[in-house]
Amino acid sequence: MLKIEHLTKRYGDVVAVDDLDFEVTPGVVTGFLGPNGSGKSTTMRIILGLDRPTKGRATIDGRVYAELRHPLREVGALLEAKAVHPGRSARNHLLAMAASNNIPSSRVDEVLEFTGIASVATKRVATYSLGMNQRLGIAAALLGDPQILLFDEPVNGLDPEGIKWIRDFFRTLAKEGRTVFVSSHLMSEMALSADQIIVIGRGRFIAQGSVDELTADVAGSVLVRSSDQERLAAIVRSRQGTVHDRDDRALSVGGLTSDEVGEAAFAAGITLYELTPQRASLEEVFMGLTADAVQYASASTEVPRGA
Ligand SMILES: Nc1ncnc2c1ncn2[C@@H]1O[C@H](COP(=O)(O)OP(=O)(O)O)[C@@H](O)[C@H]1O
Ligand SMILES: [Mg+2]
């Protein structure tokens, strides 16, 4: 179990992580979603002991990273920044890591095989493509066969085949009962790869839940066609709902569930022809949740022109 407790990190005036508090449970893929600059990488670096929290802590089965005797056997990670010496081969890199954690060298060959880079394992890392580098990072994360795995923006720069592979791979790890914590700034990616999602913005916790739960929280408009739209609109407003004309014949009702709209219509003797809960798209949900939290919101989508 991975536990984040009142975690805060300041860099001078910048509050990168602001009193985050959540748990990541085993057996599911947990997404860590937030716009760029929202504090995902900082949180992951603190979990891994690469950065010190200003306040609070991150623990792995009750202990902070520095207290782990053989850290690679307890937590594996793929981070954004590549720390591999470019002149080294993948195999030598992994062998050095393995030695430092009392991991047998046979395990190095296992993870090279599994990640599909065994055939290039003796080549210098400098010659690797981005996808091969990602696979090497994954091989390193798996080296100690840890129960907890962190992946920071793992699909960045991967081709569609690589992305599919990595999604299936996360599922497999979770099914084996591991804790899988994956960051992304893309809601669409999280929707496809994560069972649970933790949303943050500007370092702060915003929401946690399944994709369905997050969608239900934010969505909640109901499309209605009825025998008396005008009277129904008045009833909806009297119950604190909002009404927008969708077109000539349909109303979009906000603030009330479809059950509530149906019951109100029935009580008023209005016949319903259609009553459809509208789901917000995932991107709308994400934008809605993080609207106040986008650090570098662009004012315009127009391409600036030179004078
Ligand atoms: N080493 C650092 N020094 C100063 N500011 C940093 C440092 N690392 C991150 N930050 C700042 O902290 C905030 C969160 O960054 P980061 O954790 O990288 O976000 P994310 O991974 O969600 O994009 C940003 O404003 C970033 O500029
Ligand atoms: Mg990041």
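The paragraphs below set out a description of the structure included in this document.

Rules used in this analysis
- Each chain carries its own residue numbering, running from 1 in the written order of its sequence.
- Here the convention is simple: chains get letters from A, ligands get numbers from 1, in the order in which they are written.
- Local features in a predicted model are, by the rule used here, given only for residues with pLDDT of at least 70; side-chain atom pairs are given and counted only at 80 or more, and totals for whole chains, interfaces and linings are based on all residues.
- Hydrogens and waters are ignored; side-chain quantities use all the structure's heavy atoms.
- Each reported salt bridge corresponds to a side-chain nitrogen of Lys or Arg within 4 Å of a carboxyl oxygen of Asp or Glu.
- Helix and strand assignments follow DSSP, with helices taken as H or I runs no shorter than four residues and strands as E runs no shorter than two, numbered in order from the N terminus.
- Burial classification: accessible surface area is computed with a 1.4 Å probe over protein chains only, and a residue below 20% of its type maximum counts as buried, one above 50% as exposed, and the rest as partly exposed.
- Only buried Ala, Val, Leu, Ile, Met, Phe, Trp, Tyr and Cys residues count toward a nonpolar core, and they belong to the same one when joined by side-chain atoms within 4.5 Å.
- Only heavy atoms matter for contacts: two residues are in contact if any of them lie within 4.5 Å across the pair.
- For this analysis, a ring pair means two rings from Phe, Tyr or Trp (six-membered ring only for Trp) whose centres lie within 6.5 Å, classed as stacked if their planes differ by under 30 degrees, edge-to-face if by over 60, and tilted for the remaining angles.
- Whether a charge sits over a ring comes down to the Lys NZ or Arg CZ being within 6 Å of the ring centre and within 35 degrees of the ring normal.

### Looking at the pattern of salt bridges
Pairs can form between side chains of opposite charge whenever their charged atoms are close.
Here is step 1 of the chain: Applying the stated criterion across every chain yields a total of 17 salt bridges.
Here is step 2 of the chain: Close ionic contact of Arg-171 with Asp-195 constitutes a salt bridge, the shortest N to O distance being 2.9 Å. Note that Arg-171 is positioned in helix α6 (residues 160-175) and Asp-195 in the loop between α7 (187-193) and β8 (196-201), a separation of 24 residues in sequence.
Here is step 3 of the chain: On the basis of relative accessible area, Asp-195 is assigned to the partly exposed category, the value being 31%.
Here is step 4 of the chain: Salt-bridge contacts for Glu-176 lead to Arg-178; the nearest nitrogen and oxygen are separated by 2.8 Å.
Here is step 5 of the chain: By relative accessible area, which is 45% here, Glu-176 ends up partly exposed.
Here is step 6 of the chain: Connected via shared salt-bridge partners are Arg-107, Glu-110, Asp-145, Glu-176 and Arg-178.

### Looking at the nonpolar core
Here is step 1 of the chain: Counting residues in each nonpolar core, the largest one holds 46 residues, and the members touching the most others are Leu-94, Leu-136, Phe-151, Phe-169, Phe-170, Val-180 and Ile-197.
Here is step 2 of the chain: Excluding residues that lie within four positions of it along the chain, Ile-197 makes contacts with Gly-31, Leu-33, Met-187, Met-190, Ala-207, Gln-208, Gly-209, Val-211 and Leu-214.
Here is step 3 of the chain: Counting 22 residues, the second-largest nonpolar core is a separate cluster that includes Leu-20, Ile-47, Leu-150 and Phe-181.

### Focus on the packing of aromatic side chains
Working definition: an aromatic ring pair is given by the centre-to-centre distance plus the angle between the planes.
Here is step 1 of the chain: All chains considered together, the criterion is met by 9 aromatic pairs.
Here is step 2 of the chain: With 4.8 Å between their ring centres and 40° between their planes, Phe-151 and Phe-170 make a pair best called tilted. One end of the pair, Phe-151, is in strand β6 (residues 148-152); the other, Phe-170, is in helix α6, and 19 residues separate them in sequence. The exposure classification of Phe-151 matches that of Phe-170, with both residues buried.
Here is step 3 of the chain: Centre to centre, the rings of Phe-169 and Phe-170 are 5.9 Å apart; their planes meet at 40°, and the pair counts as tilted. Across the pair, Phe-170 and Phe-169 agree in class, each one buried.
Here is step 4 of the chain: An aromatic cluster is present here, built from Phe-114, Phe-151, Trp-165, Phe-169 and Phe-170 joined pairwise through their rings.
Here is step 5 of the chain: Sitting over the face of the ring of Trp-165, Arg-135 holds its NZ or CZ atom 4.5 Å from the ring centroid.

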